[in-house]
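Descriptive analysis of the structure
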Amino acid sequence: MDVVINVFVALHIIGIASLLGGFLTQMKAMSAGTARFVPAMLHGALTMLVTGIVLVGLNQMQGASLNNIKFGIKLAVLVVILALVYVKRDEEKIAKPVFGAVGGLTMLNIFIAVLWT
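Quick summary incoming for the structure in this document. (Residues numbered from 1 in each chain as written. Predicted model: local features only at pLDDT ≥ 70, side-chain atom pairs only at ≥ 80, totals over all residues. Heavy atoms only, no water.)

Now for the pattern of salt bridges. One pass over the full model with this rule turns up one salt bridge. E91 serves as the salt-bridge partner of K88, at 3.8 Å between the closest nitrogen and oxygen. Assessed through its relative accessible area of 25%, K88 is described here as partly exposed. (Salt bridge = Lys/Arg side-chain N within 4 Å of Asp/Glu carboxyl O. Buried < 20%, exposed > 50% of the residue type's maximum accessible area, 1.4 Å probe, protein only.)

Written out as structure tokens, the structure is:
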């Protein structure tokens, strides 16, 4: 079971890398006002959602004590990210505050995962 959990952790990290990487590649365009949500950002957020839910389930199956408040907050932040990216995915230009909010929320999710123990 540990191997399966580690595979899903790796997939979860790949999802966050895709979301954050997509954001970082558009930083220069954001300063020019032409940033847009690339498909990698949507796919990364969806990957994070699915693998995160699976990870919580797998850990609960093993009887691990989980901080449900932490996971609830991370899920809420991810749902906001996913909603923003999904709704605005076809727009040619994304407003700087919206685009910056997605990047900020992505980093918030990373900090919650790493620093909240």
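Another aspect to go through is the packing of helix 3 (residues 39-61) against helix 4 (residues 68-87). Relative to each other, helix 3 and helix 4 sit at 160 degrees, their axes nearing to 9 Å. Considering their axes alone, helix 3 and helix 4 lie roughly antiparallel with respect to each other. Pair helix 3 / helix 4 crosses with left-handed handedness. When helix 3 is examined against helix 4, the residues M41, L42, A45, L46, M48, L49, V56 and Q60 are found in contact with a partner set consisting of N68, F71, L75, L78, L82, V85 and Y86. (Axes fitted to C-alpha atoms, helices over the stretch in contact; angles between N-to-C directions. Helix = DSSP H or I, 4+ residues; strand = E, 2+ residues; numbered from the N terminus. Parallel < 35°, antiparallel > 145°, perpendicular 65-115°, else oblique. Left-handed = near helix turned anticlockwise from the far one by under 90°. Contact = heavy atoms within 4.5 Å.)

If you look at the biggest cluster of nonpolar residues, it comprises 20 residues, and the most contacted ones within it are L19, F37, M41, I81, V85, F99 and V102. Elements with a contribution of two residues or more to this core: helix 1 (2-25), helix 2 (27-32), helix 3, helix 4 and helix 5 (96-115). With five residues, the top contributor of residues to this core is helix 4. Residues within four places of V102 in sequence aside, it is in contact with F37, M41, I81, L84 and V85. (Core = buried A, V, L, I, M, F, W, Y, C linked by side-chain atoms within 4.5 Å.)

None of the figures reported here should be taken as evidence of function without further support.
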